[in-house]
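Examination of the molecular architecture
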Amino acid sequence: MPGVRPGAEVMSLAQSAAQRGPAAVLRARLDAGAGLEASGQPGAALVVVDHALGDLAALGVAGIEDPANPPLAADSVASLLQEAVAVRAAAAAQLAALPGGARGEFLRGIAPGAILGDWRYGVPASVTMAQAILESGWGRRAPGFNLFGIKGTGSAGSTRSRVVEYVRGKRVIRKTNFRAYNSLSEAMQDHARLLGSSPRYAEARSASESPRAFAAALVGRYATDPRYADKLALLADSYGLDHFNWRGRPPLSETTGLPFLAEQLGQF
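Heads up: these notes are all about the structure in this document. These numbers were taken from a predicted model, which means no experiment stands behind them.

1. Focus: the packing of aromatic side chains
- A complete count under the given rule lists four aromatic pairs for this structure.
- Ring centres 6.3 Å apart and planes at 65° place the aromatic pair Phe106 and Trp138 in the edge-to-face group. Here Phe106, found in helix α5 (residues 101–121), pairs with Trp138, found in the loop between α6 (125–136) and β1 (158–167); they are 32 residues apart in sequence, far enough to count as distant. With respect to class, Phe106 is no different from Trp138; both count as buried.
- With a centroid separation of 6.2 Å and an interplanar angle of 20°, the aromatic rings of Tyr222 and Tyr228 are classed as stacked. Tyr228 carries the same exposure label as Tyr222, and that label is buried.

Next up, the structure:
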């Protein structure tokens with residue numbers, strides 16, 4: 001859709017669609033965003049798609065306030081959200097400094113899940129992607145789809161592996177159980193849910209608007225490595241991962257609780 005701008009023309013589309021209801025507005029915005037991304041205008045595409053993601057977050061909150069009369073069917077919201085996340089990931093990938101080959105494909109593969117975790121819980125997508133790189137060695141060390149080195153038992157049980165930890169400043173190697181999952185999607189959902197809802201990471205969530213502060217708050221809680229935040233920041237800077245961050249208000253924040261579509265969105 002060459003020549004479309006995220007200004008008057010897109011607003012005109014949204015205004016005309018408004019007469020047909022919220023689904024038509026979202027449809028118009030997503031079509032415009034997809035066209036901008038396809039025509040090599042990723043910055044403009046992000047502006048338009050982020051408006052759509054903001055609308056979807058607001059719909060989630062509206063569903064909480066009046067669950068008996070949600071403005072859109074949950075399956076419609078889920079479908080629109082999946083499309084918005086995909087377009088946003090493709091546009092951000094054009095702006096980021098992604099590496100070539102398998103590493104670039106790895107980042108493109110996890111970008112939609114990272115953006116969704118950002119939208120749903122406020123976990124910065126850049127932090128999620130940097131953690132996946134660091135914890136799994138670009139996906140090479142991820143038994144049971146566990147990209148994030150989360151300990152315990154997952155939906156598919158657990159695996160046992162060596163882990164490097166720092167105890168009173170000393171490097172220690174030990175074996176422990178790590179969560180295993182049935183799919184990459186499950187692993188990314190669990191990571192976002194853990195960081196987005198566990199009391200252990202409340203300090204990080206309070207700084208969700210700053211990916212660097214969010215990462216700093218993980219030291220001593222998520223990871224014992226004193227240089228963990230610095231390593232995440234270096235990865236984010238090296239590959240332009242901040243372009244993947246969505247900076248709106250998450251519909252699953254602690255202040256709003258669970259929206260009416262929470263269960264339906266669990267599949268993404």
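2. Regarding the packing of α6 against helix α10 (residues 228–239)
- With their axes 9 Å apart at the nearest point, α6 and α10 run at an angle of 105° to one another. It follows that α6 is roughly perpendicular to α10 by the angle criterion. In this structure, α6 contributes Ser126, Val127, Ala130, Gln131, Ile133, Leu134 and Glu135 to the contact, and α10 contributes Tyr228, Lys231, Leu232, Leu235, Ala236 and Tyr239.
- Per-class residue counts for the contact of α6 with α10 are nine nonpolar, two polar and two charged.

3. Focus on the pattern of salt bridges
- The tally for this structure, following the rule as stated, stands at 11 salt bridges.
- A salt bridge links Asp242 to Arg212; the shortest N-O distance between them is 3.3 Å. Linking Asp242 in the loop between α10 and α11 (262–265) with Arg212 in helix α9 (residues 211–216), this pair joins segments that are 30 residues apart in sequence.
- Of the charged contacts in the structure, one is a salt bridge between Asp225 and Lys231, with a shortest N-O distance of 2.6 Å.
- On the basis of relative accessible area, Asp225 is assigned to the buried category, the value being 11%.
- Lys231 gets classed as partly exposed once you look at its relative accessible area, which sits at 27%.

4. Some details on helix α7 (residues 184–197)
- For α7, built from 14 residues, the straight-helix expectation of 20 Å at 1.5 Å per residue is met to within 8% by its first-to-last C-alpha distance of 20 Å.
- Inspection of α7 places Ala187, Met188, Gln189, Asp190, His191, Ala192, Leu194, Leu195 and Gly196 among the buried residues, and these make up the whole buried set.
- Where α7 is buried, its residues contact α5, α6, β2 (170–179), α8 (202–205) and α9.

5. Re α10
- Here α10 spans 17 Å end to end across 12 residues, near enough to the 16 Å set by a 1.5 Å rise per residue.
- Within α10 the residues assigned to the buried category are Tyr228, Ala229, Leu232, Ala233, Leu235, Ala236 and Tyr239. In a view along the axis of α10, the buried residues occupy a sector of 160°, so they form one face of it. Turned more than 90 degrees from where α10 packs its buried face, Asp230, Leu234 and Asp237 sit exposed.
- Residues of α10 that are buried make contact with α5, α6 and α9.
- Of the residues one or two after α10, Gly240 is the one with positive phi, at around 65°.

Criteria and cut-off values
- Residues numbered from 1 in each chain as written.
- Predicted model: local features only at pLDDT ≥ 70, side-chain atom pairs only at ≥ 80, totals over all residues.
- Heavy atoms only, no water.
- Phe/Tyr/Trp six-rings, centres within 6.5 Å; stacked < 30°, edge-to-face > 60°.
- Helix = DSSP H or I, 4+ residues; strand = E, 2+ residues; numbered from the N terminus.
- Buried < 20%, exposed > 50% of the residue type's maximum accessible area, 1.4 Å probe, protein only.
- Axes fitted to C-alpha atoms, helices over the stretch in contact; angles between N-to-C directions.
- Parallel < 35°, antiparallel > 145°, perpendicular 65-115°, else oblique.
- Contact = heavy atoms within 4.5 Å.
- Nonpolar A, V, L, I, M, F, W, Y, C, P; charged D, E, K, R; others polar.
- Salt bridge = Lys/Arg side-chain N within 4 Å of Asp/Glu carboxyl O.
- Expected span 1.5 Å × (residues − 1).
- Arc of directions from axis to C-beta.

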